[in-house]
Amino acid sequence: MLKTTRTYRAKIVNHTQVSDDLDDCGHSASKLWNVARYHTQKEWNETGEIPSEAGLKRELKDHERYSDLHSQSSQRVLEELAEAFNGWFKKRKNGDTDANPPGYRKRGDNHPRSTVIWKQMGIKHDSKHNQLRLSKGFNLKNHRSDFILAEYETRPDVTVENIQQVRAVWNGDRWELHLVCKVEIPVEDAPGDNTAGIDLGIKNYLAIAYDDGDAELYPGNVLKQDKHYFTRDEYNTEGENGPSKRALRARQKLSRRKNHFLHALAKHIVERCIDHEVGRIAIGDLSKIREEENGDARNWGKRGNKKLHGWEFDRFTTLLEYKAEEHGILVDRKSERDTSKTCSCCGRKRDANRVERGLYVCASCGATMNADVNGAVNIRRKITQNPPTGDMSNGRLARPVAYLFNQTSGRFAPSEQAGCEP
């Protein structure tokens, strides 16, 4: 059995009764965020450094706004702010001058509803009646035993137990609950002893190469189209009171569509690996892609840095890891260094081998192949030196099967079936 966590979305049945209390908590989370945001900016201005997460908690634990929420909920707000500032600070150090620090959560004189997170100490669960008792902070209580009693409803196939965390999320129209539960999942035996290599990219979101010689491309054009559409000027309006309601809904829809794409892609890759009897996947570890070999920050140029910082490679890899694990497939993160320069057929390394339009031509052995597939083959060889057992001819490697994502069906299909050319 595999112990892991799952997040279930739940409708609040008694929304009318609890919405005011949830509003108070959501507004309070925004106020605490703003207090911490001000404190962090002040320290940055004075010292050129940002406070640590521990330092932020230590400094603000006695602040009046900290007591508006349950202590663990307040801690989570400060943790999120620290994570956001650390992310911005790293981008700044890596040369991204366009990166902006996290902003204030305020629209004019109003504080928007922020997500509120309760950890285990602030939760009591009545599974028999599908009720959650969520603790209020001291300042929001009308009396000592005051709390939020939310009745929830999930999908019929979901059993809610071992709750680790409850998130109250404002979706633009009403509150909903996200229940993070610890679950045990039966683990299947590995489909086989074969291997696969995955090269992550931006134009092609990924390329995968199997040890039977098959290779596939998964373009990221749908993500680019969504980003272009939902960040147009008419959606991106901001005024004195912050983003418009239409802009907020566009951002939420963009986020949901991106999440759906990543989940569907991870699920599809696992299914393809089962078909190919793969027991182990090597995937490029891009955690150091922003660094040079000597450890200095790597500058990809203004446009390159911007694309890179929006590239959620770690999120996809994490999704792939837990989906593959359920089927007994191990996902192994491996360095991508030099995998794009090295010929997967003869092993010679040369920068000039990679030519235009994603084509890799080896000057030594004459192999012609898709550059991303070449990288995927080299990554696969990080876990096995066994050569592919199938056809590795130039034509097959140069024009691998391309799978396109269909937004309507939510599934991937070969481009020929979608009526498109690779």
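All values reported here derive from a predicted model rather than from experimental measurement.

1. Quick word on the nonpolar core
The biggest cluster of nonpolar side chains holds 43 residues, and the ones touching the most others in it are L22, W118, L132, V166, L177 and L179. With nine residues, helix 1 (residues 15–47) is the largest single contributor of residues to this core. Excluding anything up to four places from it in sequence, L132 contacts I123, K124, H125, I148, L149, A150, Y152, I163, V166, L177 and L179. The next biggest cluster of nonpolar side chains, apart from the first, holds 32 residues, and it includes L262, L320, I329 and F412.

2. Overview of the pairing of strand 13 (residues 278–285)
Judged by how many residues are buried, strand 13 sits mostly within the fold: six of eight residues are covered. Looking at chain direction, strand 8 (residues 194–200) and strand 13 are connected through five bridges and run parallel. Looking across to strand 13, one finds that I198 is bridged to I283.

3. Quick look at a positive patch on the surface
The grouping of K124, R133, K141 and R144 at the surface amounts to a positive patch. With respect to the helices and strands, R144 occurs in the loop between strand 4 (131–135) and strand 5 (147–153). A residue is classified by how much of its surface remains accessible, and R144, at 80% relative accessible area, is exposed.

4. A few points about unusual backbone geometry
Only a minority of non-glycine residues have a phi that is not negative, and only a minority of peptide bonds are not trans. Phi is positive for E277, close to 55°, though the residue is something other than glycine. Structurally, E277 can be placed in the loop between helix 5 (245–275) and strand 13. Judged by relative accessible area, E277 falls into the partly exposed class, the value being 46%. For D338, which is not a glycine, the phi torsion comes out positive at approximately 70°. When you line up the elements, D338 lands in the loop between strand 14 (330–335) and strand 15 (354–355). Looking at D338, the relative accessible area reads 25%, which means it is partly exposed.

5. As for the sheet that holds strand 9 (residues 204–210)
The strand order across the open sheet built from seven strands is 14-13-8-9-10-18-19, with neighbouring strands paired in mixed fashion. The open sheet has two edge strands with one neighbour each: strand 14 and strand 19 (411–414). Going from strand to strand, the sheet's axes swing by 25° on average, the running direction of each strand aside.

6. Some details on helix 2 (residues 53–60)
Taken together, the buried positions of helix 2 are occupied by G55, L56, K57 and L60. For helix 2, the elements touching its buried residues are helix 1 and helix 3 (71–93).

7. Digging into the confidence of the model for the chain
Of the residues in the chain, 84% have a pLDDT of 70 or more, and the chain-wide mean is 85. Taken together, the stretch residues 418–422 has pLDDT below 50 and engages in 10 contacts with residues farther than four places along the chain or on a different chain.

Thresholds, definitions, all that
- Residues numbered from 1 in each chain as written.
- Predicted model: local features only at pLDDT ≥ 70, side-chain atom pairs only at ≥ 80, totals over all residues.
- Heavy atoms only, no water.
- Core = buried A, V, L, I, M, F, W, Y, C linked by side-chain atoms within 4.5 Å.
- Buried < 20%, exposed > 50% of the residue type's maximum accessible area, 1.4 Å probe, protein only.
- Helix = DSSP H or I, 4+ residues; strand = E, 2+ residues; numbered from the N terminus.
- Contact = heavy atoms within 4.5 Å.
- Pairing = 2+ DSSP bridges.
- Patch = residues over 30% accessible without salt bridge, like charges linked within 9 Å, V, L, I, M, F, W, Y side chains within 5 Å.
- Areas by Shrake-Rupley, 256 points an atom, 1.4 Å probe, with all protein chains shown as cover.
- Salt bridge = Lys/Arg side-chain N within 4 Å of Asp/Glu carboxyl O.
- Lys, Arg positive; Asp, Glu negative; His and termini not counted.
- Charge placed at Lys NZ, Arg CZ, Asp CG, Glu CD.
- Axes fitted to C-alpha atoms, helices over the stretch in contact; angles between N-to-C directions.
- pLDDT = per-residue confidence, 0-100.

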